[in-house]
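Results of the structural survey
Now for the letters of each chain:
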Amino acid sequence: KVRSLVKYHFSSVNLLALCAAGKNAINQARIMMIVGMDTIIDNIIDVPLRPDMTRENDPEFDWDGVYYVRKAWTKLMTNVYLSSLDTHSIRQIQESRRLWLPQTSESGGPGEPLSLMNEYVVDIHALTVRLKDMTRPEEQKEELDGMVLGGVRDSVGWDLGQHLDYITEVLKALVRIFPRQDIFDNKDEVQCIIASELRESTVYLYKELHRLGRHKEAMMCVEVVNGMTERGVTGAAIRLEEDEIRDPPAKGEEALFMEGWRDFKLHVAKTYLGVDPEEGRTMVGCIRDMATMLGSRKSFQNDDLQTLGEFIRELSDPSCDQMVQLNGLKVVRAILYIQPDKENTTPEMQMSEYQRMLNNDPPSDAEKGLPGFVALQRAIASRGGVELVVTCMSSAEKDTVLASLYLSVSMLEGGNKPVQDQFAEMLTPASSQTFFLHLHKVMESGVTSLKAQKKTIKQRAAEKQALAAAGIHKRSAQSLPSLGPALQFMTEVMKMMRRFCIGQHQALQDILRKQRLNKVSINFFDEAVNYLVALEPELKGAIKLLDEVTVEGAIRGFLMLADSMRGPNHANQATIATKGFFELVDRLMNKIHFGAKDRKGNMLRSRLKSAVTTCLMAFLEGVEGNAIPEQMLTSIDWPALSMQMEVCYEAMMRDDEELLERTRLYEEGIGYYFTLKFIKNYDRNNEHIAPAWHKHMKAVRFFESRTGYVEIVRDKRLERVFFMLPDSCITGGPLDKPFEEMYETEREDPDRKNQEFLDNMIRLIER
């Protein structure tokens, strides 16, 4: 009965902790109202106390039961309080009585027990002592996760694994505590003494974990010690010997044979069969040939692409083989690139376009908007292409889902409205529920993969730092992994969603926000903002490393949000504005700056910042009321934005080609000016914009002279529109003179006026 109550207690607390995991501010706030910081600390410290407030000292007492309960409460503290920057949580942490309170009594004696941090010192040390008695069995030495400790009994308790799991949660808490000035004051003598004890205990624990092969937990110890070092906590250090560096285990005979057999097959395929051996491309030639046949109206019984339609219907059948479905999606997409019936094309041109598909570049004709390509998009969509995408998005195979995303992007490339209409018709009914649930699953998996990859990079970086601190450098050491692989799906999702919205297609804009007929409605713009928030901390480092995939993923996200609000779509503007978007923009603008003689990196920086300003202007398109402009005024650091404009202007004036080309600087700089100029109309007390650009008046006057301004009426609503003036129209330019035609044009005679209009049009066309 007692064990059942303990498990019930643990499950309840653990459930609360899981509800607050991640950036879930609403649940965190609710739990703070239920459970205070002092309550959590009391429940962690007081578990082993007797009714008379003395510590349990019975040799038969099971301490692993204590650690089992403490694990849940520590996780709750980490997820609710230590992961939040809310002022209420900070105040509760700072006012907690027993977080850093020093020991006031001997262990086991009466009176108030240890502080929480002192308890953590004791518990980490206790685990180290227990691990010293453990010897790793021979059969477990090949296990990547190290020695199995779950269920191991000793003189202290019934399950050593519970103690390790608890300390793992403690390490997670310490990782969050020491970097924060509002929790750990490195000028407080008492806190520094306890921190030094924690550091020493963590270093000794690392050694035992490393000895037993528990490398994941060992690297958490490294992360804690590194965090302490950065805050000035000195003491014991982690030292690694050369023989402690983990190398991959030697391959066995079977693994070596399979590797050689694979190489042999690839050699035969390339040398004798003419098949491209690159992974995932062994069907390249077949896919191209099938696309040429099925996409041509000259093929047998395909004059109206009816054979292609039958092929697509077979692919859409739920019973279709997964591999056939995957390659079929590639065939349909290849048709859009090759365009078998295109006039004046050659096999070399078709091969070049097919290579663009393999590189995931858009078709050349999509960029030009040629009528033949637009008609082919519409034909494939009407022959079942839209249904094929919707069906394959529900596949359990990741490759099939990715291929369907690729196809949807290609069919919608350039903003083909008839194809958008077909998607809207397919996604409006309640039958679209499965598609949206799977799309949401893809986005959730993308964000989860992103976070997991960030964690892996962080662990590898900590390991590399520890090796460097020990003076160990391996020639064979691999570079740190990038975020690119985790972003592949999310980038394609952003591209598809943007093409849904492009051209102000309000039906699809609204569907992505709310599926009115579905039982479960999902706001995909909220998910997109969450994705950008998760990606934001990594963008500065990605630009430095020229990681184009990561930066491109962010750019696609911002441009998608901008297109989702155009029209204007006031509902989308309102919902995106409430998700912390402006705070995200503020962090980016204060973090991303040009680098000296880093032209490639500066191009990525400029494209990213231009995408952000494009998004800000989309918020202001046709804006009604003051709510969004006032939120922007109070959330964004306008002096920083003005400084970015000034940097662009100064680089243009000194023709700094090493920084960035002039055209790119001009486009970025005037984007800042448009945003500042527009929002200034809502800064009625001149509290934000006027002081912000007062120091940069040369840049303001430069861009002001190159900005055109008109007011238009759309849907019975007056809107401001800013646009770039060509150089010939600026002050002092060739067109800076009175417009005589304005005064000489015939206005009274309707017939003569119409005739002059037609004559002028003919003259313009002839030119």
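Just so we're clear, the structure is a prediction, and the values are computed from it rather than from any experiment.

1. Quick notes on the nonpolar core
If you look at the biggest cluster of nonpolar residues, it comprises 138 residues, and the most contacted ones within it are Phe 423, Leu 561, Phe 581, Leu 608 and Trp 638. Looking at this core element by element, the count peaks at 12 residues for helix α22 (residues 524-544). The contacts of Leu 561, once residues within four sequence positions are left out, are Phe 525, Ala 528, Val 529, Leu 532, Ile 576, Phe 581 and Cys 615.

2. Considerations on the packing of aromatic side chains
In this structure the tally under the stated criterion is 21 aromatic pairs. With centroids separated by 5.7 Å and ring planes inclined at 40 degrees, the aromatic side chains of Trp 100 and Phe 184 adopt a geometry described as tilted. Residue Trp 100 is found in the loop between α5 (87-95) and α6 (116-132), and its partner Phe 184 is found in the loop between α7 (160-177) and α8 (189-211); the two are separated by 84 residues along the sequence. Residue Trp 100 is classed as buried on the basis of its relative accessible area of 10%. The class for Phe 184 is buried, based on a relative accessible area of 0%. Summarising the aromatic geometry, the rings of Phe 582 and Phe 619 are spaced 4.8 Å apart at their centres and angled 55 degrees between planes, so their arrangement reads as tilted. A residue pair is termed long-range when its members are at least 10 positions apart, and Phe 582 in helix α25 (residues 581-591) and Phe 619 in helix α26 (residues 599-620) qualify at 37 residues. In terms of burial, Phe 582 and Phe 619 fall into one category: buried. Among the aromatic residues, ring-to-ring pairing joins Trp 63, Tyr 67, Tyr 120 and Tyr 166 into one connected group. A cation over an aromatic ring shows up here: Lys 609 above the ring of Phe 594, its NZ or CZ 4.2 Å from the ring centre.

3. Considerations on the pairing of strand β2 (residues 717-724)
Sheet analysis places strand β1 (residues 707-714) next to β2, joined by eight bridges and oriented antiparallel. Paired with Val 710 across the bridge in β2 is Val 721. Hairpin connection of β1 to β2: two residues between the antiparallel strands, including Asp 715 at a positive phi of 55 degrees.

4. What to know about helix α24 (residues 570-577)
Among all positions of α24, only Asn 572, Gln 573, Thr 575, Ile 576 and Ala 577 are buried. The secondary structure elements touched by the buried residues of α24 are α21 (506-513), α22, α23 (548-565), α25, α26 and α27 (627-635).

5. A look at the side chain of Glu 353
Here Glu 353 shows up in helix α14 (residues 347-358). The side chain of Glu 353 sits in the buried core without any salt bridge; Arg 356 is the nearest counter-charge, 4.2 Å away. The residues touching Glu 353, leaving out its near neighbours within four places in the chain, are Tyr 337, Pro 363 and Ser 364.

6. Quick look at the pattern of salt bridges
Considering all chains together, one arrives at 32 salt bridges under this definition. We note a salt bridge from Glu 217 to Arg 214, for which the minimum N-O separation is 2.9 Å. Across the pair Asp 421 and Lys 417 runs a salt bridge, and its minimum N-O distance is 3.3 Å. One end of the pair, Asp 421, and the other, Lys 417, are both in helix α18 (residues 417-427), four residues apart, so they sit about a helical turn from each other. The class of Asp 421 is partly exposed, set by a relative accessible area of 32%.

7. So, the environment of Ser 319
With respect to the helices and strands, the residue Ser 319 is situated in the loop between α12 (306-316) and α13 (322-338). Looking at Ser 319, its side chain comes within polar contact range of the side chain of Asp 317, at 2.8 Å.

8. Focus on the confidence of the model for the chain
In the predicted model, the chain carries a mean pLDDT of 84, and the fraction of residues at 70 or more is 87%. Low pLDDT, under 50, characterises residues 470-478; the stretch is placed with 11 contacts to residues that sit more than four places away or in other chains.

Parameters at a glance
Residues numbered from 1 in each chain as written. Predicted model: local features only at pLDDT ≥ 70, side-chain atom pairs only at ≥ 80, totals over all residues. Heavy atoms only, no water. Core = buried A, V, L, I, M, F, W, Y, C linked by side-chain atoms within 4.5 Å. Buried < 20%, exposed > 50% of the residue type's maximum accessible area, 1.4 Å probe, protein only. Helix = DSSP H or I, 4+ residues; strand = E, 2+ residues; numbered from the N terminus. Contact = heavy atoms within 4.5 Å. Phe/Tyr/Trp six-rings, centres within 6.5 Å; stacked < 30°, edge-to-face > 60°. Lys NZ or Arg CZ within 6 Å of the ring centre and 35° of its normal. Pairing = 2+ DSSP bridges. Lys, Arg positive; Asp, Glu negative; His and termini not counted. Salt bridge = Lys/Arg side-chain N within 4 Å of Asp/Glu carboxyl O. Polar contact = N/O pair within 3.5 Å; in protein donor to acceptor, adjacent residues only side chain to side chain. pLDDT = per-residue confidence, 0-100.

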